[in-house]
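# Close look at the chain arrangement
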Protein chains: 2
Amino acid sequence: MSDKKKLIFATGNPGKLKEIKAVLGDLGYEIVTMKEAGIDIDIVEDGKTFEENALIKAKAVCEASGCLAMADDSGLEVDAMNKEPGIYSARWMGYDTSYDIKNQAIIDKLQGVPDEERTARFVCACAAVFPNGEELVVKCNMEGRIGYEIAGANGFGYDPIFYLPEYGKTSAEITPEEKNAISHRGKALRKMAELLKKMEASE
Amino acid sequence: MSDKKKLIFATGNPGKLKEIKAVLGDLGYEIVTMKEAGIDIDIVEDGKTFEENALIKAKAVCEASGCLAMADDSGLEVDAMNKEPGIYSARWMGYDTSYDIKNQAIIDKLQGVPDEERTARFVCACAAVFPNGEELVVKCNMEGRIGYEIAGANGFGYDPIFYLPEYGKTSAEITPEEKNAISHRGKALRKMAELLKKMEASE
């Protein structure tokens, strides 16, 4: 058993946990998943915004465990689609529909839409809830445009249609290191790490 | 005209603005009210939590102005009343009902409720929304108990029935300086100031 305080991150995704440990690992917490902490609860993500959904998850885990809990919620906002799929990014067209199909559907919907109206952004809200009821939320974006074709094998989800003008590539064509430096989740997690250090220092 | 960047605080309350300037004044922003910034919009605070309402206000002002915007939302949660009045604290029993009447109504509702079940807390969520879409939210609490009688002339709102066991007084009986050091709003604003400094430093 570790003497460190536990920080429970509400994710079941091992890839995400690795990313989180890389950023938050030096904060002095033992970072564990819900499963590792023995937290087995169903959480209904019925918020209307990324921030609400991240808070709903982190609050539920903090209340069930009595430990500092963190969660994130992220998605893609396409301006020409009235900011859809937004908070429904994962479940859009059905959870089991492949991203090849979902990505092609977005390209099809934007047929004839000129470059300057193809703006889009990945959004990530990261929430931390402390056992004393205090909370922190950080939301960060990665701005780009919807491309004209699926391109790239890195990343996941909507990355192959998310064109980054400054790179001349999609976010599935840049390296994981390049993506982590500019991505919505990378930025939100790094800011959260800075803020947690600051919270600790100002207690 | 100032060369400083504007920070618009979504409040019409001059007392609150003074408190805000005292805490955030050294951040290098020119802190102005919506009115001073010429922002005249109606904001519907239809969130279900303090955090949502603070974000709704700050987002609306940021979008209308293109400037960094901040807002807070606060209230009283009485555990024996199922955490009411909560986000409805200001409008509970009607906006125009005096706090003498509202405070007596809470004391009456808690008749016969023993000390240990009279727990309550003041909650303040403070949100900052940046023109690039990034967001920060901080929520802080002040824990106490509902007293047995109205006491004290300092503070405002529900302060005269909010008993602080460590002081043996209500939050309307301690000095404004004492209250500011421990209050939900004082803590949330000071944390926000620290976080804003950190955000600037890490840009």
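Residues numbered from 1 in each chain as written. Chains lettered and ligands numbered in written order. Predicted model: local features only at pLDDT ≥ 70, side-chain atom pairs only at ≥ 80, totals over all residues. Heavy atoms only, no water.

## As for the pattern of salt bridges
Cut-off, in case you're wondering: Definition used for salt bridges: Asp or Glu carboxyl oxygen within 4 Å of a side-chain nitrogen of Lys or Arg. Strands are runs of DSSP state E lasting at least two residues, helices are runs of H or I lasting at least four, and both sets are numbered from the N terminus onward. Relative accessibility thresholds used throughout: buried, under 20% of the residue-type maximum; exposed, over 50%; partly exposed, between the two (1.4 Å probe, protein chains only).
For the coordinates displayed, the defined rule picks out 24 salt bridges over all chains. Its salt-bridge partner being Glu134(A), residue Lys191(B) comes within 2.9 Å of it at the nearest N-O pair. With Lys191(B) in helix H5 (residues 184-202) and Glu134(A) in the loop between strand S5 (119-129) and strand S6 (135-146), this residue pair bridges two chains. Take Lys191(B) and Glu134(A): they sit in the same class, and that class is buried. For Lys179(B), the salt bridge is made with Asp159(B), and the minimal N-O distance between the two is 2.8 Å. In this pair, Lys179(B) is assigned in helix H4 (residues 176-182) and Asp159(B) in the loop between strand S6 (135-146) and strand S7 (162-164), connecting sequence segments 20 residues apart. Asp159(B) shares its class with Lys179(B); the two are buried.

## Considerations on the relation of the copies chain B and chain A
Two copies of a chain can be linked by a rotation about an axis combined with a shift along that same axis. Where we set the bar: A least-squares fit on C-alpha atoms brings the copies together, and the residues used are those whose pLDDT is at least 70 in both copies. We call two residues contacting when some pair of their heavy atoms lies within 4.5 Å.
Superposition of chain B onto chain A requires a rotation of 180° combined with a translation of 0.0 Å along the rotation axis, giving an RMSD of 0.0 Å. Such a turn and shift between the copies fits a two-fold axis. The position closest to the rotation axis in chain B is occupied by the C-alpha of Val137(B), lying 2.4 Å away. Of the interface residues in chain B, 100% have counterparts in chain A that sit at the interface too, so the contact is made through matching surfaces.

## A word on the side chain of Arg121(B)
Residues and elements named next belong to chain B. As a reminder of what qualifies: Under the rule applied, a polar contact is a pair of N or O atoms within 3.5 Å (in protein, one hydrogen donor and one hydrogen acceptor; residues adjacent in sequence only if both atoms are side-chain atoms).
Inspection of the secondary structure assignment puts Arg121 in strand S5 (residues 119-129). A polar contact of 2.8 Å, which involves the side chain of Arg121, links it to the side chain of Asp79. Filtering out sequence-adjacent residues up to four positions away, Arg121 remains in contact with Gly75, Leu76, Glu77, Asp79, Lys83, Asn141, Met142, Glu143 and Phe162.

## Re the confidence of the model for chain A
Residue and element names in this part refer to chain A. Condition: The pLDDT score gives, residue by residue, the confidence of the prediction method on a 0 to 100 scale.
Residues at a pLDDT of 70 or more form 96% of chain A, whose mean pLDDT is 91. Ranking the helices and strands of chain A by mean pLDDT puts strand S7 (residues 162-164) first, with 98, and helix H1 (residues 14-24) last, with 81. Reported confidence for the predicted complex is 0.80 by ipTM and 0.86 by pTM.

## Comments concerning helix H2 (residues 50-65) of chain A
Given 3.6 residues to a turn, an α-helix orients residues that are three or four positions apart in the same direction. To be explicit about the condition: What a helix is expected to span follows from its residue count: subtract one and scale by 1.5 Å.
The terminal C-alpha atoms of H2(A), which comprises 16 residues, lie 23 Å apart, in line with the 22 Å expected from a rise of 1.5 Å per residue. Of all the positions in H2(A), only Phe50(A), Glu51(A), Glu52(A), Asn53(A), Ala54(A), Leu55(A), Lys57(A), Ala58(A), Val61(A) and Cys62(A) are classed as buried. Each element contacted by the buried residues of H2(A) is listed here: strand S1 (5-9), strand S3 (68-78), S5 and S6 of chain A together with helix H2 (50-65) and S6 of chain B. Phi turns positive, to about 75°, at Gly66(A), one or two residues after H2(A).

## Observations regarding the nonpolar core
When a protein is soluble and globular, its nonpolar side chains tend to lie buried together. To keep it simple, the criterion reads: As used here, the term nonpolar core means buried Ala, Val, Leu, Ile, Met, Phe, Trp, Tyr and Cys residues forming a set that is joined through side-chain atoms within 4.5 Å.
In this structure, Met70(A), Leu136(A), Met70(B) and Leu136(B) are the most contacted members of the largest nonpolar core, which totals 48 residues. Ala127(A), Ile39(B), Ala54(B) and Val129(B) belong to the second largest nonpolar core, which has 39 residues in total.

## Some details on the packing of H2(A) against H2(B)
Heads up, the rule is: Helix axes are fitted to C-alpha atoms over the stretch in contact, other axes to C-alpha atoms as well, and angles between N-to-C directions run from 0 to 180 degrees. Roughly parallel here means an angle under 35 degrees, roughly antiparallel means over 145, roughly perpendicular means 65 to 115, and every remaining angle is called oblique. Should the near helix be turned counterclockwise from the far one by less than a right angle, the crossing is left-handed, whereas a clockwise turn marks it as right-handed. Polarity classes work like this: nonpolar for Ala, Val, Leu, Ile, Met, Phe, Trp, Tyr, Cys and Pro, charged for Asp, Glu, Lys and Arg, and polar for all others, with Gly in that last group.
Two elements in contact, H2(A) and H2(B), have axes separated by 11 Å at closest approach and are oriented at 160°. On the basis of their axis angle, the class for H2(A) and H2(B) is roughly antiparallel. As for how H2(A) packs across H2(B), the hand of that crossing is right-handed. Two secondary-structure elements touch here, H2(A) through Glu51(A), Glu52(A), Leu55(A) and Lys59(A) and H2(B) through Glu51(B), Glu52(B), Leu55(B) and Lys59(B). Considered class by class, the residues forming the contact of H2(A) with H2(B) number two nonpolar, no polar and six charged.

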